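# A closer look at the structure
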Amino acid sequence: MHEAWVALRLTLKIAGFATLINLVLGVGLAYFFSRKNFWGKEVLDAILTLPMVMPPTVLGYYLLVVLGQQGFIGQFLKEYFGIHLIFTWQGAVIAASIVSFPLIFKGARAAFESLEPQYEQAAKVLNVSNTAIFFRVTLPLAWRGILAGALLSFARAAGEFGATLMVAGSIQGKTQTLSIAVYEAVQAGQDDTANFLVLLTSVVCMSVLLVSGRLMPGRLARQG
Amino acid sequence: MIKVMVFLLGSLLSLSQTFAANPVVVTVSAASSLTNAFKEMGLVFETKNNNIKIQFNFASSGQLLQQIIKGAPVDVFASADQETMDKAEQLGFIEKKQRKNFASNTLVLIVPKGSKKAPTQLSDLTTSKYQRIAMGLPSSVPVGRYTQLVLEKSGLWQVLESKMIGSQNVRQALDYVARGEVDAGFVYATDVAVSDKVRIAITVPTDKKILYPIAPVLAEVHGDHHEQFIAAQKFITFVNSQAGQTILAKHGFGKP
(Lines give C-alpha, C1' and ligand atoms only; values in the text may rest on other atoms or scores of the structure.)
Protein backbone atom coordinates (compact mmCIF):
# COMPACT_ATOMS: atom_id res chain seq x y z
CA MET A 1 0.00 0.00 0.00
CA HIS A 2 3.09 2.19 -0.25
CA GLU A 3 1.80 3.56 -3.57
CA ALA A 4 -1.35 4.83 -1.91
CA TRP A 5 0.64 6.96 0.53
CA VAL A 6 2.76 8.32 -2.31
CA ALA A 7 -0.45 9.26 -4.12
CA LEU A 8 -1.88 10.85 -0.96
CA ARG A 9 1.24 12.94 -0.39
CA LEU A 10 1.22 14.06 -4.00
CA THR A 11 -2.49 14.91 -3.82
CA LEU A 12 -1.97 17.03 -0.71
CA LYS A 13 1.01 18.76 -2.29
CA ILE A 14 -0.84 19.59 -5.50
CA ALA A 15 -4.00 20.70 -3.69
CA GLY A 16 -1.93 22.71 -1.20
CA PHE A 17 -0.09 24.67 -3.87
CA ALA A 18 -3.29 25.17 -5.86
CA THR A 19 -5.03 26.57 -2.77
CA LEU A 20 -2.14 28.91 -2.00
CA ILE A 21 -2.26 30.33 -5.53
CA ASN A 22 -6.01 30.68 -5.27
CA LEU A 23 -5.81 32.38 -1.86
CA VAL A 24 -3.65 35.15 -3.26
CA LEU A 25 -5.49 35.57 -6.59
CA GLY A 26 -8.99 34.75 -5.34
CA VAL A 27 -8.94 36.97 -2.25
CA GLY A 28 -7.34 39.84 -4.18
CA LEU A 29 -9.88 39.69 -6.98
CA ALA A 30 -12.78 39.15 -4.58
CA TYR A 31 -11.83 42.28 -2.62
CA PHE A 32 -11.56 44.27 -5.82
CA PHE A 33 -14.97 43.00 -6.97
CA SER A 34 -16.63 43.77 -3.64
CA ARG A 35 -15.34 47.36 -3.46
CA LYS A 36 -15.25 48.61 -7.04
CA ASN A 37 -17.87 48.93 -9.71
CA PHE A 38 -16.86 48.81 -13.32
CA TRP A 39 -18.32 48.04 -16.70
CA GLY A 40 -18.70 44.32 -17.38
CA LYS A 41 -18.15 43.35 -13.75
CA GLU A 42 -20.78 40.63 -13.64
CA VAL A 43 -19.66 39.22 -16.99
CA LEU A 44 -16.12 38.97 -15.67
CA ASP A 45 -17.49 37.36 -12.51
CA ALA A 46 -19.25 34.79 -14.68
CA ILE A 47 -16.04 34.07 -16.61
CA LEU A 48 -14.12 33.58 -13.36
CA THR A 49 -16.83 31.23 -12.11
CA LEU A 50 -16.93 29.28 -15.36
CA PRO A 51 -14.45 26.56 -14.28
CA MET A 52 -16.94 25.46 -11.62
CA VAL A 53 -19.64 24.59 -14.15
CA MET A 54 -17.61 23.67 -17.22
CA PRO A 55 -16.73 19.99 -17.80
CA PRO A 56 -13.17 19.34 -16.60
CA THR A 57 -12.35 17.75 -19.96
CA VAL A 58 -13.09 21.06 -21.68
CA LEU A 59 -10.73 22.84 -19.30
CA GLY A 60 -8.17 20.10 -19.77
CA TYR A 61 -8.33 20.55 -23.52
CA TYR A 62 -7.98 24.35 -23.23
CA LEU A 63 -4.94 23.89 -21.00
CA LEU A 64 -3.40 21.28 -23.28
CA VAL A 65 -3.80 23.59 -26.26
CA VAL A 66 -2.49 26.68 -24.46
CA LEU A 67 0.27 25.17 -22.31
CA GLY A 68 1.34 22.40 -24.69
CA GLN A 69 4.32 22.41 -27.05
CA GLN A 70 2.25 24.05 -29.76
CA GLY A 71 0.39 26.47 -27.48
CA PHE A 72 1.58 30.06 -27.25
CA ILE A 73 2.25 30.00 -23.50
CA GLY A 74 3.80 26.53 -23.74
CA GLN A 75 6.13 27.66 -26.53
CA PHE A 76 7.06 30.83 -24.66
CA LEU A 77 7.87 28.94 -21.45
CA LYS A 78 9.94 26.39 -23.32
CA GLU A 79 11.79 28.96 -25.40
CA TYR A 80 12.76 31.35 -22.60
CA PHE A 81 12.78 29.27 -19.44
CA GLY A 82 13.06 25.69 -20.67
CA ILE A 83 9.92 24.86 -18.69
CA HIS A 84 7.72 21.99 -19.82
CA LEU A 85 4.42 21.93 -17.92
CA ILE A 86 2.60 19.02 -19.53
CA PHE A 87 3.11 15.74 -17.63
CA THR A 88 4.53 17.46 -14.55
CA TRP A 89 3.07 17.99 -11.07
CA GLN A 90 3.31 21.73 -11.67
CA GLY A 91 0.96 21.25 -14.61
CA ALA A 92 -1.40 19.40 -12.29
CA VAL A 93 -1.25 22.36 -9.86
CA ILE A 94 -2.35 24.71 -12.64
CA ALA A 95 -5.24 22.44 -13.62
CA ALA A 96 -6.33 22.02 -9.99
CA SER A 97 -6.11 25.72 -9.19
CA ILE A 98 -8.18 26.77 -12.19
CA VAL A 99 -10.88 24.21 -11.43
CA SER A 100 -11.11 25.18 -7.76
CA PHE A 101 -10.63 28.93 -8.16
CA PRO A 102 -14.36 29.86 -8.18
CA LEU A 103 -14.95 28.30 -4.76
CA ILE A 104 -12.50 30.62 -3.03
CA PHE A 105 -13.35 33.63 -5.18
CA LYS A 106 -17.11 33.31 -4.56
CA GLY A 107 -16.61 32.59 -0.86
CA ALA A 108 -14.30 35.54 -0.34
CA ARG A 109 -16.49 37.93 -2.34
CA ALA A 110 -19.54 37.00 -0.26
CA ALA A 111 -17.50 37.44 2.93
CA PHE A 112 -16.28 40.90 1.91
CA GLU A 113 -19.70 42.04 0.76
CA SER A 114 -21.41 40.99 3.99
CA LEU A 115 -19.08 43.14 6.14
CA GLU A 116 -20.59 46.16 7.89
CA PRO A 117 -18.90 49.23 6.38
CA GLN A 118 -18.63 51.20 9.64
CA TYR A 119 -15.43 49.43 10.81
CA GLU A 120 -13.58 50.39 7.67
CA GLN A 121 -15.05 53.90 7.83
CA ALA A 122 -13.94 54.26 11.44
CA ALA A 123 -10.43 53.21 10.51
CA LYS A 124 -10.45 55.71 7.66
CA VAL A 125 -11.49 58.52 10.01
CA LEU A 126 -8.52 57.57 12.18
CA ASN A 127 -6.33 58.14 9.12
CA VAL A 128 -5.22 54.53 8.69
CA SER A 129 -3.80 53.76 5.22
CA ASN A 130 -5.85 51.69 2.81
CA THR A 131 -3.37 48.82 2.85
CA ALA A 132 -3.41 48.75 6.62
CA ILE A 133 -7.22 48.83 6.66
CA PHE A 134 -7.29 45.80 4.36
CA PHE A 135 -4.85 43.73 6.42
CA ARG A 136 -5.85 44.88 9.91
CA VAL A 137 -9.59 45.44 9.60
CA THR A 138 -11.17 43.88 6.52
CA LEU A 139 -9.23 40.62 6.34
CA PRO A 140 -9.57 39.75 10.06
CA LEU A 141 -13.34 40.35 9.83
CA ALA A 142 -13.77 38.20 6.70
CA TRP A 143 -11.30 35.43 7.49
CA ARG A 144 -13.88 32.77 8.40
CA GLY A 145 -15.65 33.02 5.05
CA ILE A 146 -12.33 33.06 3.23
CA LEU A 147 -11.03 30.05 5.12
CA ALA A 148 -14.22 28.08 4.47
CA GLY A 149 -13.87 28.89 0.76
CA ALA A 150 -10.21 27.91 0.87
CA LEU A 151 -11.00 24.54 2.42
CA LEU A 152 -13.69 23.80 -0.15
CA SER A 153 -11.29 24.86 -2.87
CA PHE A 154 -8.66 22.56 -1.33
CA ALA A 155 -11.10 19.64 -1.35
CA ARG A 156 -12.08 20.32 -4.96
CA ALA A 157 -8.43 20.58 -5.99
CA ALA A 158 -7.60 17.33 -4.20
CA GLY A 159 -10.43 15.56 -6.01
CA GLU A 160 -9.59 16.96 -9.46
CA PHE A 161 -9.57 14.27 -12.11
CA GLY A 162 -10.52 15.14 -15.68
CA ALA A 163 -8.40 18.19 -16.42
CA THR A 164 -5.47 16.79 -14.42
CA LEU A 165 -5.47 13.51 -16.31
CA MET A 166 -5.44 15.36 -19.62
CA VAL A 167 -2.70 17.80 -18.70
CA ALA A 168 -0.49 15.82 -16.33
CA GLY A 169 -1.18 12.25 -17.38
CA SER A 170 -0.89 9.42 -14.90
CA ILE A 171 2.73 8.96 -13.89
CA GLN A 172 3.19 7.08 -10.67
CA GLY A 173 4.93 9.14 -8.01
CA LYS A 174 4.95 12.22 -10.25
CA THR A 175 1.43 13.09 -11.31
CA GLN A 176 -0.70 10.16 -10.18
CA THR A 177 -3.00 11.69 -7.54
CA LEU A 178 -5.47 9.71 -5.42
CA SER A 179 -8.37 10.16 -7.83
CA ILE A 180 -6.27 9.06 -10.80
CA ALA A 181 -4.78 6.14 -8.86
CA VAL A 182 -8.33 4.93 -8.14
CA TYR A 183 -9.19 5.07 -11.84
CA GLU A 184 -5.98 3.25 -12.72
CA ALA A 185 -6.53 0.51 -10.15
CA VAL A 186 -10.12 -0.12 -11.28
CA GLN A 187 -9.04 -0.30 -14.93
CA ALA A 188 -6.38 -2.85 -14.12
CA GLY A 189 -8.80 -4.89 -12.00
CA GLN A 190 -6.84 -4.31 -8.77
CA ASP A 191 -9.89 -4.05 -6.54
CA ASP A 192 -7.92 -4.33 -3.28
CA THR A 193 -5.86 -1.28 -4.14
CA ALA A 194 -8.98 0.53 -5.33
CA ASN A 195 -10.83 -0.22 -2.08
CA PHE A 196 -8.00 1.12 0.04
CA LEU A 197 -7.60 4.25 -2.10
CA VAL A 198 -11.31 4.94 -2.04
CA LEU A 199 -11.45 4.65 1.75
CA LEU A 200 -8.43 6.89 2.13
CA THR A 201 -9.94 9.50 -0.19
CA SER A 202 -13.27 9.41 1.66
CA VAL A 203 -11.55 10.01 4.99
CA VAL A 204 -9.60 12.97 3.60
CA CYS A 205 -12.73 14.52 2.04
CA MET A 206 -14.80 14.01 5.21
CA SER A 207 -12.16 15.72 7.35
CA VAL A 208 -12.03 18.72 5.04
CA LEU A 209 -15.82 19.04 4.99
CA LEU A 210 -16.11 18.77 8.77
CA VAL A 211 -13.48 21.45 9.31
CA SER A 212 -14.96 23.78 6.70
CA GLY A 213 -18.46 23.25 8.15
CA ARG A 214 -17.18 24.47 11.51
CA LEU A 215 -15.87 27.62 9.88
CA MET A 216 -18.95 28.50 7.82
CA PRO A 217 -20.06 32.11 8.43
CA GLY A 218 -23.58 30.94 9.33
CA ARG A 219 -22.27 29.12 12.35
CA LEU A 220 -20.49 32.23 13.55
CA ALA A 221 -23.69 34.22 13.34
CA ARG A 222 -25.60 31.62 15.31
CA GLN A 223 -22.94 31.48 17.99
CA GLY A 224 -22.66 35.25 18.13
CA MET B 1 -46.29 18.62 -10.39
CA ILE B 2 -48.15 15.32 -10.72
CA LYS B 3 -49.11 16.24 -14.25
CA VAL B 4 -45.47 16.79 -15.11
CA MET B 5 -44.55 13.44 -13.57
CA VAL B 6 -47.25 11.63 -15.53
CA PHE B 7 -46.10 13.33 -18.70
CA LEU B 8 -42.48 12.37 -18.08
CA LEU B 9 -43.44 8.80 -17.28
CA GLY B 10 -45.57 8.62 -20.40
CA SER B 11 -42.81 9.89 -22.63
CA LEU B 12 -40.39 7.46 -21.02
CA LEU B 13 -42.75 4.58 -21.75
CA SER B 14 -43.24 5.62 -25.34
CA LEU B 15 -39.48 5.96 -25.65
CA SER B 16 -38.94 2.40 -24.46
CA GLN B 17 -41.59 1.22 -26.91
CA THR B 18 -39.80 2.84 -29.82
CA PHE B 19 -36.69 1.03 -28.69
CA ALA B 20 -38.56 -2.26 -28.52
CA ALA B 21 -39.83 -1.78 -32.06
CA ASN B 22 -36.28 -1.09 -33.24
CA PRO B 23 -33.84 -3.75 -34.49
CA VAL B 24 -31.72 -5.91 -32.16
CA VAL B 25 -28.92 -3.85 -30.67
CA VAL B 26 -25.55 -5.58 -30.39
CA THR B 27 -22.92 -3.98 -28.17
CA VAL B 28 -19.36 -4.56 -29.34
CA SER B 29 -16.52 -3.78 -26.92
CA ALA B 30 -13.38 -3.40 -29.02
CA ALA B 31 -9.76 -2.37 -28.40
CA SER B 32 -9.00 1.29 -29.19
CA SER B 33 -6.74 0.38 -32.09
CA LEU B 34 -9.77 -1.09 -33.87
CA THR B 35 -11.76 2.18 -33.71
CA ASN B 36 -11.65 3.19 -37.38
CA ALA B 37 -11.73 -0.28 -38.90
CA PHE B 38 -14.64 -1.42 -36.72
CA LYS B 39 -16.69 1.72 -37.28
CA GLU B 40 -16.56 0.99 -41.00
CA MET B 41 -17.19 -2.69 -40.30
CA GLY B 42 -20.34 -1.73 -38.37
CA LEU B 43 -21.68 0.47 -41.16
CA VAL B 44 -21.20 -2.18 -43.84
CA PHE B 45 -22.63 -4.90 -41.59
CA GLU B 46 -25.72 -2.82 -40.81
CA THR B 47 -26.50 -2.19 -44.48
CA LYS B 48 -26.45 -5.97 -44.99
CA ASN B 49 -28.45 -6.75 -41.84
CA ASN B 50 -30.96 -3.97 -41.36
CA ASN B 51 -32.62 -5.72 -38.41
CA ILE B 52 -29.39 -5.45 -36.39
CA LYS B 53 -27.88 -2.29 -34.93
CA ILE B 54 -24.23 -2.30 -33.86
CA GLN B 55 -23.20 -0.13 -30.96
CA PHE B 56 -19.48 0.27 -30.22
CA ASN B 57 -17.60 0.76 -26.99
CA PHE B 58 -13.89 1.51 -27.55
CA ALA B 59 -11.28 1.52 -24.78
CA SER B 60 -8.11 -0.30 -23.78
CA SER B 61 -8.60 -4.08 -23.76
CA GLY B 62 -7.94 -4.19 -20.01
CA GLN B 63 -10.57 -1.56 -19.30
CA LEU B 64 -13.10 -3.40 -21.50
CA LEU B 65 -12.46 -6.63 -19.61
CA GLN B 66 -13.05 -4.90 -16.27
CA GLN B 67 -16.35 -3.50 -17.58
CA ILE B 68 -17.45 -7.01 -18.61
CA ILE B 69 -16.40 -8.46 -15.23
CA LYS B 70 -18.40 -5.74 -13.46
CA GLY B 71 -21.49 -6.70 -15.47
CA ALA B 72 -21.58 -4.33 -18.45
CA PRO B 73 -24.13 -5.58 -21.03
CA VAL B 74 -21.66 -6.44 -23.79
CA ASP B 75 -22.34 -8.95 -26.60
CA VAL B 76 -19.02 -9.11 -28.44
CA PHE B 77 -15.50 -8.65 -27.10
CA ALA B 78 -12.50 -7.96 -29.36
CA SER B 79 -9.18 -7.46 -27.59
CA ALA B 80 -5.74 -6.51 -28.86
CA ASP B 81 -3.96 -9.37 -27.11
CA GLN B 82 -4.37 -12.99 -26.07
CA GLU B 83 -3.73 -12.34 -22.38
CA THR B 84 -6.84 -10.22 -21.80
CA MET B 85 -9.04 -12.65 -23.75
CA ASP B 86 -7.52 -15.57 -21.79
CA LYS B 87 -8.61 -13.90 -18.57
CA ALA B 88 -12.14 -13.38 -19.92
CA GLU B 89 -12.20 -17.04 -20.90
CA GLN B 90 -10.90 -18.32 -17.55
CA LEU B 91 -13.51 -16.27 -15.71
CA GLY B 92 -16.23 -17.75 -17.92
CA PHE B 93 -17.41 -14.59 -19.63
CA ILE B 94 -16.97 -15.61 -23.27
CA GLU B 95 -18.05 -18.50 -25.48
CA LYS B 96 -14.62 -20.12 -25.85
CA LYS B 97 -15.58 -22.44 -28.72
CA GLN B 98 -16.26 -19.40 -30.86
CA ARG B 99 -13.13 -17.49 -29.93
CA LYS B 100 -11.08 -16.73 -33.03
CA ASN B 101 -8.10 -14.60 -34.03
CA PHE B 102 -9.22 -12.22 -36.77
CA ALA B 103 -6.34 -9.78 -37.34
CA SER B 104 -2.68 -9.09 -36.62
CA ASN B 105 -0.68 -5.94 -36.05
CA THR B 106 2.88 -4.63 -35.67
CA LEU B 107 4.52 -2.59 -32.92
CA VAL B 108 6.20 0.61 -34.11
CA LEU B 109 8.12 3.49 -32.59
CA ILE B 110 6.83 6.83 -33.87
CA VAL B 111 8.04 10.43 -33.65
CA PRO B 112 6.26 13.73 -34.42
CA LYS B 113 6.32 14.33 -38.17
CA GLY B 114 8.39 17.53 -37.98
CA SER B 115 10.84 16.14 -35.44
CA LYS B 116 14.52 16.48 -36.30
CA LYS B 117 15.33 13.54 -34.07
CA ALA B 118 15.00 10.14 -35.66
CA PRO B 119 15.95 7.11 -33.60
CA THR B 120 17.29 4.31 -35.79
CA GLN B 121 17.48 1.71 -33.03
CA LEU B 122 15.75 1.34 -29.67
CA SER B 123 18.93 2.06 -27.70
CA ASP B 124 18.95 5.60 -29.17
CA LEU B 125 16.08 6.33 -26.79
CA THR B 126 18.46 6.14 -23.83
CA THR B 127 20.26 9.32 -24.97
CA SER B 128 19.29 12.68 -23.46
CA LYS B 129 17.69 13.73 -26.76
CA TYR B 130 14.66 11.71 -25.71
CA GLN B 131 13.15 13.04 -22.49
CA ARG B 132 9.60 11.73 -22.70
CA ILE B 133 8.33 8.62 -24.41
CA ALA B 134 4.67 7.63 -24.58
CA MET B 135 3.43 4.06 -24.19
CA GLY B 136 0.24 2.36 -23.07
CA LEU B 137 0.00 1.63 -19.34
CA PRO B 138 1.15 -2.00 -19.10
CA SER B 139 -1.43 -2.82 -16.39
CA SER B 140 -4.39 -2.37 -18.73
CA VAL B 141 -3.21 -1.53 -22.27
CA PRO B 142 -1.88 -4.44 -24.39
CA VAL B 143 0.40 -2.26 -26.54
CA GLY B 144 2.08 -1.16 -23.32
CA ARG B 145 2.68 -4.77 -22.34
CA TYR B 146 4.15 -5.60 -25.76
CA THR B 147 6.42 -2.56 -25.43
CA GLN B 148 7.56 -3.45 -21.92
CA LEU B 149 8.33 -7.02 -22.97
CA VAL B 150 10.48 -5.92 -25.90
CA LEU B 151 12.35 -3.35 -23.83
CA GLU B 152 12.91 -5.79 -20.97
CA LYS B 153 14.27 -8.35 -23.37
CA SER B 154 16.73 -5.87 -24.85
CA GLY B 155 17.75 -4.72 -21.37
CA LEU B 156 16.54 -1.14 -21.93
CA TRP B 157 13.50 -1.11 -19.64
CA GLN B 158 15.34 -0.11 -16.46
CA VAL B 159 16.91 2.90 -18.15
CA LEU B 160 13.79 3.97 -20.05
CA GLU B 161 11.13 3.37 -17.39
CA SER B 162 11.56 6.84 -15.86
CA LYS B 163 11.07 8.48 -19.27
CA MET B 164 7.80 6.71 -19.92
CA ILE B 165 4.49 8.58 -20.01
CA GLY B 166 1.71 6.02 -19.58
CA SER B 167 -1.45 6.46 -21.61
CA GLN B 168 -4.97 5.13 -20.99
CA ASN B 169 -5.11 3.52 -24.43
CA VAL B 170 -3.05 3.38 -27.60
CA ARG B 171 -4.81 6.33 -29.25
CA GLN B 172 -3.87 8.59 -26.35
CA ALA B 173 -0.19 7.69 -26.84
CA LEU B 174 -0.66 8.53 -30.53
CA ASP B 175 -2.18 11.90 -29.60
CA TYR B 176 0.70 12.73 -27.23
CA VAL B 177 3.18 12.20 -30.09
CA ALA B 178 1.02 14.07 -32.62
CA ARG B 179 0.89 17.09 -30.30
CA GLY B 180 4.64 16.94 -29.78
CA GLU B 181 4.21 16.58 -26.01
CA VAL B 182 6.53 13.56 -26.07
CA ASP B 183 9.63 12.92 -28.17
CA ALA B 184 8.57 9.45 -29.29
CA GLY B 185 5.92 6.82 -28.62
CA PHE B 186 5.09 3.16 -29.03
CA VAL B 187 1.88 2.41 -30.96
CA TYR B 188 0.61 -0.05 -33.55
CA ALA B 189 1.46 0.33 -37.23
CA THR B 190 -2.27 0.72 -37.97
CA ASP B 191 -2.56 3.76 -35.68
CA VAL B 192 -0.06 5.74 -37.73
CA ALA B 193 -2.50 5.93 -40.64
CA VAL B 194 -5.00 7.76 -38.39
CA SER B 195 -2.75 10.78 -37.81
CA ASP B 196 -0.90 12.83 -40.40
CA LYS B 197 1.26 14.40 -37.67
CA VAL B 198 3.44 11.38 -36.90
CA ARG B 199 5.82 9.11 -38.77
CA ILE B 200 7.28 5.68 -38.09
CA ALA B 201 10.92 5.69 -36.95
CA ILE B 202 11.39 2.00 -36.23
CA THR B 203 9.31 -1.11 -36.77
CA VAL B 204 9.79 -3.06 -33.56
CA PRO B 205 9.87 -6.85 -33.87
CA THR B 206 7.97 -8.70 -31.14
CA ASP B 207 8.69 -12.25 -29.94
CA LYS B 208 5.14 -13.35 -30.46
CA LYS B 209 2.93 -12.14 -33.29
CA ILE B 210 0.40 -9.51 -32.14
CA LEU B 211 -2.93 -11.26 -32.70
CA TYR B 212 -6.43 -9.89 -32.08
CA PRO B 213 -9.02 -12.38 -30.80
CA ILE B 214 -12.79 -11.91 -30.95
CA ALA B 215 -15.53 -13.86 -29.11
CA PRO B 216 -19.19 -13.55 -28.15
CA VAL B 217 -19.84 -12.71 -24.51
CA LEU B 218 -22.01 -15.44 -22.96
CA ALA B 219 -25.67 -14.45 -23.00
CA GLU B 220 -26.40 -15.77 -19.51
CA VAL B 221 -23.82 -13.37 -18.14
CA HIS B 222 -26.33 -10.57 -18.55
CA GLY B 223 -29.70 -12.26 -18.74
CA ASP B 224 -30.87 -14.58 -21.48
CA HIS B 225 -31.05 -12.46 -24.61
CA HIS B 226 -31.02 -15.16 -27.23
CA GLU B 227 -31.73 -12.81 -30.14
CA GLN B 228 -28.77 -10.66 -29.24
CA PHE B 229 -26.49 -13.67 -28.92
CA ILE B 230 -27.40 -14.84 -32.43
CA ALA B 231 -26.89 -11.32 -33.81
CA ALA B 232 -23.53 -11.11 -32.03
CA GLN B 233 -22.42 -14.34 -33.71
CA LYS B 234 -23.50 -12.93 -37.04
CA PHE B 235 -21.30 -9.91 -36.52
CA ILE B 236 -18.32 -12.11 -35.61
CA THR B 237 -18.87 -14.23 -38.72
CA PHE B 238 -18.88 -11.03 -40.76
CA VAL B 239 -15.59 -9.85 -39.21
CA ASN B 240 -13.99 -13.16 -40.23
CA SER B 241 -15.54 -13.17 -43.70
CA GLN B 242 -13.84 -12.02 -46.89
CA ALA B 243 -15.66 -8.69 -46.75
CA GLY B 244 -14.66 -8.13 -43.13
CA GLN B 245 -11.04 -9.03 -43.79
CA THR B 246 -10.94 -6.61 -46.73
CA ILE B 247 -12.01 -3.75 -44.44
CA LEU B 248 -9.36 -4.70 -41.87
CA ALA B 249 -6.69 -4.91 -44.58
CA LYS B 250 -7.73 -1.48 -45.85
CA HIS B 251 -6.99 -0.09 -42.38
CA GLY B 252 -3.59 -1.77 -42.34
CA PHE B 253 -4.27 -4.87 -40.27
CA GLY B 254 -2.54 -8.09 -41.23
CA LYS B 255 -4.04 -11.54 -41.57
CA PRO B 256 -4.23 -13.53 -38.32
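Residues numbered from 1 in each chain as written. Chains lettered and ligands numbered in written order. Predicted model: local features only at pLDDT ≥ 70, side-chain atom pairs only at ≥ 80, totals over all residues.

Along chain A, the regular secondary structure elements total 11 helices and zero strands. Element order for chain A, N to C, with α for helix and β for strand: α-α-α-α-α-α-α-α-α-α-α. For chain A, the spread of C-alpha atoms along the three principal axes comes to 65 × 45 × 25 Å. A burial count over chain A gives 38% of its 224 residues as buried. Considering only contacts within chain A whose residues lie at least 6 apart along the sequence, 75% involve residues at least 24 apart. (Helix = DSSP H or I, 4+ residues; strand = E, 2+ residues; numbered from the N terminus. Buried ≥ 20, exposed ≤ 12 C-beta atoms within 10 Å, placed from the backbone. Contact = placed C-beta atoms within 7 Å.)

The next subject is the confidence of the model for chain B. Residue and element names in this part refer to chain B. Mean pLDDT over chain B: 90, with 89% of residues reaching 70 or higher. No element of chain B has a lower mean pLDDT than helix α1 (residues 2-21), at 57, and none a higher one than strand β3 (residues 76-78), at 97. Scored by ipTM, the complex comes to 0.75, with pTM at 0.82. (pLDDT = per-residue confidence, 0-100.)

Time to look at the pairing of strand β2 (residues 52-59) of chain B. All names here are of chain B. Where strand β1 (residues 24-31) meets β2, eight bridges bridge the pair, whose relative direction is parallel. Residue pairing in the sheet places A31 in a bridge with A59 of β2. With helix α2 (residues 35-48) bridging β1 and the parallel β2, this β-α-β connection has right-handed handedness. (Pairing = 2+ DSSP bridges. Right-handed = clockwise from strand over helix to strand, strands pointing away.)

Glancing now at the nonpolar core. Core analysis: the largest hydrophobic core is formed by 123 residues, its most contacted members being A95 and V167 of chain A together with V76, F77, V177 and F235 of chain B. Sorting elements by how many residues they give to this core places helix α5 (residues 89-113) of chain A first, with 15 residues. The residue makeup of this core includes at least three contributed by each of domain 1 (2-104 + 210-250) and domain 2 (107-204) of chain B. Each residue touching V167 of chain A, except ones within four places of it in the same chain, is listed here: G60, L63, L64, L67, I86, G91, A92 and A95 of chain A. (Core = buried A, V, L, I, M, F, W, Y, C linked by C-beta atoms within 7 Å. Domains from an automatic or database assignment.)

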